[in-house]
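# Geometric and topological summary
Listed below, chain by chain, are the residues.
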Amino acid sequence: MKKILLFLCAFSVLTAFAAKPKNQYVRIKTEYGECIVKLYNQTPLHRDNFLKLAKEGYYNGVLFHRVIKDFMIQGGDPDSRNAKPDSLLGNGGPKYTIPAEFNDSLFHKKGVLAAAREGDDVNPLKASSGSQFYLVQGKVFTDEQLNNVEQKRLKFKIPEWQRQVYKTIGGTPHLDRNYTVYGEIISGLEMVDKIAVLSTDGNNRPKQDVKMEVTVLKKREAKKLEKQLLQASLKDKLVM
């Protein structure tokens, strides 16, 4: 009986998805593989800006210019396109910022997409860069380490369900509610791991350029993807 109810539920949800995708997705492609990122509807300003730039081809040919193992890979600086090896990168972007969109349920687990920004001393409202972003690799934390992050960096308690994620999947908890998280990788996380271990120079720039190509998934692709994700989720529930 339980399985029958799950199948009926799946049919009704799949029918609902037939109209339009629930979310919007982008593909980030590099020579080290590609990943699919779901953009969060809870952060509409960041979502819409990223979609706009991707559709314009703004990111194509831009580098992941800052890479730190067990932390993150950062890109989106238009000045990095065709930059010389000794160029100092990280200051480029459109002539605007995006207001912070912090959400307690969106946190820095491994694989999330978040906005880079200038420091608090010149940016007390924590507004995001108009184009620069990072993908979190992070690391796995112990309870003791998370307690230390709470006390010395965050000044607030990490919810228990988020602690479990940090203790199993990993992430960068000290950035929570300080940098806007606005998406997450749903496939292709291996790309981040491969780029994160590359040899870098003194500015954390990979010694071999890592160019990106960012495209928006079309509605048909997005619907197909969401159908596959739903089917996989229901299959997991049936096994359980």
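Each chain has its residues counted from 1, running along the sequence as written. Given that the model is predicted, a residue must reach a pLDDT of at least 70 before its local features are reported, and side-chain atom pairs must reach 80 or more before they are shown or counted; all residues, however, enter totals for whole chains, interfaces and linings. Processing note: side-chain calculations cover all non-hydrogen atoms of the structure and skip hydrogens and water entirely.

## So, the overall build of the chain
Here a strand is any run of E in DSSP of at least two residues, a helix any run of H or I of at least four, and the numbering for each starts at the N terminus. Scanning the chain from N- to C-terminus turns up six helices and 10 strands. Only protein chains enter the area calculation, which uses a 1.4 Å probe; residues under 20% of their type maximum are buried, those over 50% are exposed, and those in between are partly exposed. Relative to its full complement of 240 residues, the chain shows a buried share of 43%. Relative to all contacts within the chain whose residues are 6 or more apart in sequence, the contacts with residues 24 or more apart total 73%. As displayed, the chain offers around 13200 Å² of accessible surface, 54% of which is attributable to carbon and sulfur atoms. Contact definition: two residues touch when any of their heavy atoms are within 4.5 Å. Using a 1.4 Å probe, the Shrake-Rupley method yields the accessible areas, and only the shown protein chains count as cover for residues.

## Digging into the nonpolar core
Note on terminology: a nonpolar core comprises buried Ala, Val, Leu, Ile, Met, Phe, Trp, Tyr and Cys residues joined through side-chain atoms within 4.5 Å. Ile 28, Phe 64, Phe 133 and Leu 135 are the most contacted members of the largest nonpolar core, which totals 28 residues. Listed by contribution, the elements that provide at least two residues to this core are β1 (24-30), β2 (33-39), α2 (44-56), β3 (64-68), β6 (112-115), β8 (133-136), β9 (181-187) and α5 (190-196). Discounting chain neighbours no more than four positions away, the residues touching Ile 28 are Gly 33, Glu 34, Cys 35, Val 37, Phe 64, Phe 133, Leu 135, Met 191, Met 212, Glu 213 and Val 214. In terms of nonpolar packing, the next biggest core, distinct from the first, is built from 10 residues, Tyr 40, Met 72, Leu 106 and Tyr 134 among them.

## Side note on the layout of surface pockets
Definitions used for this entry: grid spacing 1 Å over protein atoms alone; cavity, a set of points where a 1.4 Å probe fits but cannot get out; pocket, an open set with protein on both sides within 12 Å along at least 5 of 7 lines; lining residue, one with an atom within 4 Å of a point. Grid points are joined across faces, edges and corners, and a volume is the space filled by probe spheres set on the points. By volume, the largest pocket amounts to about 680 Å³. Around the largest pocket sit 30 residues that line it, and Gln 74, Gly 90, Arg 117, Glu 118 and Gln 132 are the ones nearest its centre. Mapped onto the lining of the largest pocket, the elements with two or more residues apiece are β3, β4 (72-75) and β7 (128-129). Its residues assigned to classes, the lining of the largest pocket comprises 11 nonpolar, 14 polar and five charged. Gly is placed with the polar residues, together with every amino acid not listed as nonpolar (Ala, Val, Leu, Ile, Met, Phe, Trp, Tyr, Cys and Pro) or charged (Asp, Glu, Lys and Arg).

## Points about the pattern of salt bridges
Pairing between side chains of opposite charge can happen when their charged atoms approach one another. For this document, the term salt bridge refers to a Lys or Arg side-chain nitrogen within 4 Å of an Asp or Glu carboxyl oxygen. Going through the model one piece at a time under the given rule, you end up with 15 salt bridges. In this structure, Lys 69 and Asp 70 form a salt bridge, with 3.3 Å as the shortest nitrogen-oxygen distance. Taking the relative accessible area as the measure of exposure, Asp 70 reaches 36% and is therefore partly exposed. The closest approach of N and O atoms between Glu 150 and Lys 157, which form a salt bridge, is 3.5 Å. Note on Lys 157: relative accessible area 65%, which makes it exposed. Residues joined by salt bridges that share partners form a network here, namely Asp 143, Glu 150, Lys 157, Arg 163 and Lys 167.

## Concerning the side chain of Gln 137
Within the element layout of this structure, Gln 137 appears in the loop between β8 and α3 (143-154). Under the rule applied, a polar contact is a pair of N or O atoms within 3.5 Å (in protein, one hydrogen donor and one hydrogen acceptor; residues adjacent in sequence only if both atoms are side-chain atoms). Polar side-chain contacts of Gln 137 include one of 2.6 Å to the backbone nitrogen of Asp 70. Sequence-distant contacts of Gln 137, that is, excluding residues within four places in its chain, are made with Lys 69, Asp 70, Phe 71, Met 72, Lys 110, Val 192, Asp 193 and Ala 196.

## Things to note about the sheet that holds β6
Pairing in this open sheet of eight strands is antiparallel, and the strands run β3-β4-β8-β6-β9-β2-β1-β10 from one edge to the other. Both outer strands of the open sheet, β3 and β10 (213-216), are each paired with one neighbouring strand and no more. Each strand axis lies, on average, 25 degrees off the axis of its neighbour in the sheet, ignoring direction. For two strands to pair, DSSP has to find at least two bridges joining them. Summarising the sheet, β3 and β4 pair through four bridges and their orientation is antiparallel. Paired with Ile 68 across the strands is Met 72, a residue of β4. Convention adopted: a line fitted to C-alpha atoms gives each axis, helices being fitted over their contacting stretch, and angles between N-to-C directions are expressed from 0 to 180 degrees. Of the strands in this sheet, β1, β2, β6, β8, β9 and β10 touch α2, which is tilted by about 110 degrees from β10.

## Describing the environment of Gln 208
In this structure, Gln 208 sits in the loop between α5 and β10. On the basis of relative accessibility, which here comes to 61%, the residue Gln 208 falls in the exposed class. Residues Gln 208 and Leu 198, 10 residues apart in the sequence, show an inter-C-alpha distance of 8.3 Å.

## Some points on α3
Three or more residues of α3 are buried, namely Leu 146, Val 149, Glu 150 and Leu 154. Relative to the axis of α3, the buried residues are bounded by an arc of 100 degrees and lie together on one face. In α3, the exposed positions angled more than 90 degrees off the buried face are occupied by Glu 144, Gln 151 and Lys 152. Those residues of α3 that are buried lie in contact with α4 (160-168). Lys 155, located one to two residues past α3, shows a positive phi value of around 65 degrees. Starting at the helix axis, one direction is taken to each C-beta atom, and the arc is that of these directions.

## Focus on the packing of α3 against α4
Two numbers describe how α3 lies on α4: the axes approach to 10 Å, and their chain directions differ by 125 degrees. Viewed along their axes, α3 and α4 adopt a mutual orientation that is oblique. α4 is crossed by α3, and the crossing has right-handed handedness. Along its contact with α3, which presents Asp 143, Leu 146, Asn 147 and Glu 150, the element α4 presents Arg 163, Tyr 166 and Lys 167. Within the contact of α3 with α4, the residues separate by chemical class into two nonpolar, one polar and four charged. Angles below 35 degrees are treated as roughly parallel, those above 145 as roughly antiparallel, those between 65 and 115 as roughly perpendicular, and all remaining angles as oblique. By definition, turning the near helix anticlockwise from the far helix through less than a right angle yields a left-handed crossing, and turning it clockwise yields a right-handed one.

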